[in-house]
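For reference, the chains in residue letters:
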Amino acid sequence: MTSDRWLYAWAVGSVALGAASLLVPLYFVTIGGSTLLLGVLAGVAAAAGAPGAIIFGRIADRTGKRRSLVLLALALAAGATALVSLSERQWLVIAGNALLWFAAGAVAPVLTLLVTVGSPERDWPKRFATLNRYQGWGWAGGLVLGLAWTALLSGPLGTEFAQRTLLWVCAGVLVAAALSATAWLPVETAALDRPRRNRLADAIARSRRLPVRSATFPVGPGRVYWLTRSLRPRAFADRLTPALSLYFGAVACFFAGFGVFWGPLPSYLSTTLGYDSGTVFALYLVSSLGSAVCYGGAGRLAEQYDVTGLQTGGLLARAVLHPAVAVVAALFPLTALGLAVNGVVFVGIGVAWAVIAVTAASIVTRLAPPPIRGQALGLYTALSGLASGVGSVAGGWLAGYGFALTFGVAGGFVLVGAALVAVVWWRSPRATAEGVAAAD
């Protein structure tokens, strides 16, 4: 097995990505970006990763130049962050942010290839978990960095200066990650360059390990590449069961609701509620940590109880918690008590996400006939990313009519998704029989 030192370089890069995931939207609001354009910013970011994963994944498969592609992705991310920090033009910030998440998505399938080098196939799921752990805690560390930096500097030096300098720091951290990767990434050889695409895609399909990431970016574009790379639409459609089709409809609904909520949220917290950047980072951090702490517990529950029932409960919780953010502000306007209650709400949102994320792979795996399980998981990932991007744009538009309406609509979409999952739950024995029959 090759040395794992390069994973430290990727963890450092993940610190910058974690900070930038919230910092760029906050900076966009500070320079006067409207809620509609903030939704566009979030939607474009959600959509940018998948093309990056497809392009870099295919290049890595065909050429074996994984080391070069990782370095190129880190350089693109550093350049994109610098571009955002040097501009107050909103269209340039949107373009720079899109390039940043294009690079983050592009590197994902390449890292998946790298982390399996020198490992027997039976150990691949464990290696994926190791990669997720490094990048996940790096991401959480970026949120901590954002909280500390903006809390310390926003008061004496101004919000925009604090945000801009943190963007410089993020660009520098990505450069440091690239330099470390240059020293630590394994040297490319002919033996390492031989692709193992089908087996690797199957192993990723079996792996349910999740990174510790902000709920703003709930899906990994790298999975889109691996799990849809052998997609045969006609064969897939022929084996698509009614229960799985219904579940995909639910996925489109509740991820659209998530997008409607998260897209304009930075503007609501910073402009409507008047929270400083450090406070906003803190709320996102407690949500992310709420998910991280509960992934294990959610997995244990999924082993004991029906996963569709558990997901229905998680979705119902989010359907209530999204509008609750606006209700808390109405009941406790600009008070310490209101902030504390909102903190509890954000923890609940994170915990609910842990339940939803852990159960989703199990539901798709159970409902899909064995020959198309990998493709079904890939379609789930692609559909969730697309729906969340569209929802972000819609959320930015709705915010022009009021945030209470926006968060209410977000909760409504999630509620519809929960109802559809509940129908799948009710039809569960029949759905399983359909899946088995289709497989035969």
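Residues numbered from 1 in each chain as written. Predicted model: local features only at pLDDT ≥ 70, side-chain atom pairs only at ≥ 80, totals over all residues. Heavy atoms only, no water.

Asks: What exactly am I supposed to notice about the overall build of the protein chain here?
Replies: Within the protein chain, the regular secondary structure consists of 18 helices and zero strands. Burial status across the protein chain gives 55% buried among its 440 residues. Across the protein chain, the fraction of contacts at a sequence separation of at least 24, relative to all contacts at a separation of at least 6, is 86%. Here the protein chain displays about 16900 Å² of accessible surface, and carbon together with sulfur accounts for 67% of that area. (Helix = DSSP H or I, 4+ residues; strand = E, 2+ residues; numbered from the N terminus. Buried < 20%, exposed > 50% of the residue type's maximum accessible area, 1.4 Å probe, protein only. Contact = heavy atoms within 4.5 Å. Areas by Shrake-Rupley, 256 points an atom, 1.4 Å probe, with all protein chains shown as cover.)

Asks: I would appreciate a short explanation of the environment of Thr112 in the present structure.
Replies: Here Thr112 shows up in helix H4 (residues 90-115). On a C-alpha basis, the gap between Thr112 and Arg127 in space is 8.8 Å, while along the polypeptide they are 15 residues apart. From its side chain, Thr112 meets the backbone oxygen of Ala108 in a polar contact 3.0 Å long. (Polar contact = N/O pair within 3.5 Å; in protein donor to acceptor, adjacent residues only side chain to side chain.)

Asks: I'm lost on the pattern of salt bridges in this one. Help?
Replies: Evaluated as defined, the whole model comprises four salt bridges. Through salt bridges with shared partners, a single ionic network connects Glu88, Glu160 and Arg164. (Salt bridge = Lys/Arg side-chain N within 4 Å of Asp/Glu carboxyl O.)

Asks: Sorry, what's going on with the packing of aromatic side chains here?
Replies: Aromatic ring pairs are reported here in terms of the distance separating the ring centres and the angle at which the planes meet. Scanning the model with the defined rule gives 17 aromatic pairs in all. With a centroid separation of 5.8 Å and an interplanar angle of 45°, the aromatic rings of Phe254 and Phe258 are classed as tilted. Of this pair, Phe254 and Phe258 both sit in helix H11 (residues 242-262), four residues apart, which is roughly one turn of the helix. Aromatic side chains Phe255 and Trp353 sit 6.1 Å apart centroid to centroid with 80° between the ring planes, which places their arrangement in the edge-to-face category. (Phe/Tyr/Trp six-rings, centres within 6.5 Å; stacked < 30°, edge-to-face > 60°.)

Asks: Help me out: how do you make sense of the packing of helix H1 (residues 5-30) against helix H5 (residues 124-157) in this one?
Replies: In contact at an axis separation of 6 Å, H1 and H5 are set at 40° when each is read in the N-to-C sense. With respect to H5, the axis of H1 lies oblique. In terms of crossing hand, the pair formed by H1 and H5 is right-handed. Where H1 approaches H5, its residues Leu7, Tyr8, Trp10, Ala11, Ser14, Val15, Leu17, Gly18, Ala19 and Ser21 are matched on the opposing element by Thr130, Leu131, Tyr134, Gln135, Gly138, Trp139, Gly141, Gly142, Leu143 and Leu145. Of the residues assigned to the contact of H1 with H5, the class counts are 12 nonpolar, eight polar and no charged. (Axes fitted to C-alpha atoms, helices over the stretch in contact; angles between N-to-C directions. Parallel < 35°, antiparallel > 145°, perpendicular 65-115°, else oblique. Left-handed = near helix turned anticlockwise from the far one by under 90°. Nonpolar A, V, L, I, M, F, W, Y, C, P; charged D, E, K, R; others polar.)

Asks: What's the story with the nonpolar core in this structure? I'm lost.
Replies: A general tendency of soluble globular proteins is for nonpolar side chains to be buried together. By size, the foremost hydrophobic cluster in this structure holds 122 residues, and its most contacted members are Tyr247, Phe254, Phe258, Leu265, Tyr268 and Leu269. Excluding its chain neighbours within four sequence positions, the residues that come into contact with Tyr247 are Phe254, Gln311, Ala360, Ile363, Val364, Leu367, Val421 and Val424. (Core = buried A, V, L, I, M, F, W, Y, C linked by side-chain atoms within 4.5 Å.)

Asks: Looking at this model, I keep getting lost on a nonpolar patch on the surface. Mind explaining?
Replies: Taken together, the side chains of Leu36, Trp397, Tyr401 and Leu405 define a hydrophobic patch exposed on the protein surface, amounting to about 450 Å² of accessible area. Secondary-structure assignment places Leu405 in helix H17 (residues 403-426). For Leu405, a relative accessible area of 42% puts it in the partly exposed group. (Patch = residues over 30% accessible without salt bridge, like charges linked within 9 Å, V, L, I, M, F, W, Y side chains within 5 Å.)

Asks: Please explain the environment of Phe56 as it appears in this structure.
Replies: Secondary-structure assignment places Phe56 in helix H2 (residues 35-63). Since its relative accessible area comes to 5%, Phe56 is described here as buried. Sequence separation between Phe56 and Val107 is 51 residues; the distance between their C-alpha atoms is 7.0 Å.

Asks: Can you walk me through the packing of H5 against helix H13 (residues 277-304) in this structure?
Replies: For any two helices packed against each other, the geometry is given by the interaxial angle and the distance between the axes. The contact between H5 and H13 brings their axes to 8 Å, and the two run at 160°. Comparing their axes, H13 and H5 come out roughly antiparallel. Here the hand of the crossing between H5 and H13 comes out left-handed. For the pair H5 and H13, the contacting residues are Trp137, Ala140, Leu143, Val144, Gly146, Leu147, Thr150, Ala151 and Ser154 in the first and Ser277, Gly278, Phe281, Ala282, Tyr284, Leu285, Ser288, Leu289 and Ala292 in the second. Tallied by class, residues from the contact of H5 with H13 come to 12 nonpolar, six polar and no charged.

Asks: I would appreciate a short explanation of H13 in the present structure.
Replies: Side chains of residues three or four places apart in an α-helix project in the same direction, reflecting 3.6 residues per turn. In this model H13 runs 41 Å from its N-terminal to its C-terminal C-alpha over 28 residues, within 8% of the 40 Å that 1.5 Å per residue would give. Most pronounced at Cys294, the bend in H13 amounts to some 45°. Measuring from the side-chain oxygen of the N-cap residue of H13 to the backbone nitrogen of Gly278 gives 3.2 Å; that N-cap residue is Asp276. (Expected span 1.5 Å × (residues − 1). Bend = angle between axes of the 7 residues up to and from the residue.)

Asks: Looking at this model, I keep getting lost on the confidence of the model for the protein chain. Mind explaining?
Replies: Predicted coordinates in regions of low pLDDT should not be interpreted in detail. For the protein chain, per-residue confidence averages 86 on the pLDDT scale, and 87% of positions sit at 70 or higher. Segment residues 430-440: pLDDT under 50, and 17 contacts once partners within four positions in sequence are set aside and those in other chains are kept. (pLDDT = per-residue confidence, 0-100.)

Asks: How do you make sense of the environment of Val341 when you look at a structure like this?
Replies: Take Val341: it is sitting in helix H15 (residues 336-367). Along the backbone, Val341 and Ala324 are 17 residues apart, and their C-alpha atoms lie at a distance of 9.9 Å. Filtering out sequence-adjacent residues up to four positions away, Val341 remains in contact with Val328 and Phe332.

Asks: Explain the side chain of Thr116 to me, please; I cannot follow it from the model alone.
Replies: Tracing the chain through its elements places Thr116 in the loop between H4 and H5. In terms of polar contacts, Thr116 uses its side chain to reach the backbone carbonyl oxygen of Leu113, at 2.8 Å.

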